[in-house]
Amino acid sequence: ELYDALVGMSHEDPNEAALFTNQLRLEVAPRYRAIGLGGDSGSLVVSKKDKKAVGLYFAGPENGQYGIANPIEKVLELLEIELL
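Below is a short write-up of the structure. As the structure is a prediction and not an experimental result, all values here were calculated from the model. (Residues numbered from 1 in each chain as written. Predicted model: local features only at pLDDT ≥ 70, side-chain atom pairs only at ≥ 80, totals over all residues. Heavy atoms only, no water.)

Turning our eyes to something else, we now look at the overall build of the protein. Across its full length, the protein carries 1 helix and 5 strands. Sequence-ordered secondary structure for the protein, helices as α and strands as β, is β-β-β-β-β-α. Each principal axis of the C-alpha distribution contributes one length, and for the protein these read about 40 × 35 × 25 Å. By residue count, 24% of the 84 residues in the protein fall in the buried class. (Helix = DSSP H or I, 4+ residues; strand = E, 2+ residues; numbered from the N terminus. Buried < 20%, exposed > 50% of the residue type's maximum accessible area, 1.4 Å probe, protein only.)

Two strands pair when backbone bridges link them, and strand E3 (residues 44-46) and strand E4 (residues 53-59) are joined in this way by 3 bridges, in the antiparallel orientation. Bridging across to E4, Leu44 finds its partner in Leu56. Linking E3 back to E4 in an antiparallel pair, the connection comprises 6 residues, with Lys51 at a positive phi of about 60°. One ladder, built from 4 bridges, connects E4 with strand E5 (residues 66-71); its direction is antiparallel. Opposite Leu56, over in E5, you have Asn70 as the bridge partner. The turn linking E4 back onto E5 is made up of 6 residues, and Gly64 within it adopts a positive phi angle of 70°. (Pairing = 2+ DSSP bridges.)

Moving on, we get to the environment of Asn15. Residue position: Asn15 is located in the loop between strand E1 (2-8) and strand E2 (17-27). Residue class for Asn15 comes out exposed when judged on its relative accessible area of 71%.

Following this line, the structure appears as structure tokens:
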């Protein structure tokens, strides 16, 4: 299920935001405290079920309660690269 996310672009100005459409919303697993924290942007998101890349993490609230990732297919397409 794809998700549209309004993401703050400035810590100083809460009105500065961008809308990212068709993203992945990642929910934290029950036994963990966070899905991602500051500095985790650019991390590869891998499906636990089939161990395949599904996204590229780029945003989430400071507490890591959820995260937002670009779908990996779109990232690969725009960068004109492929995973081996």
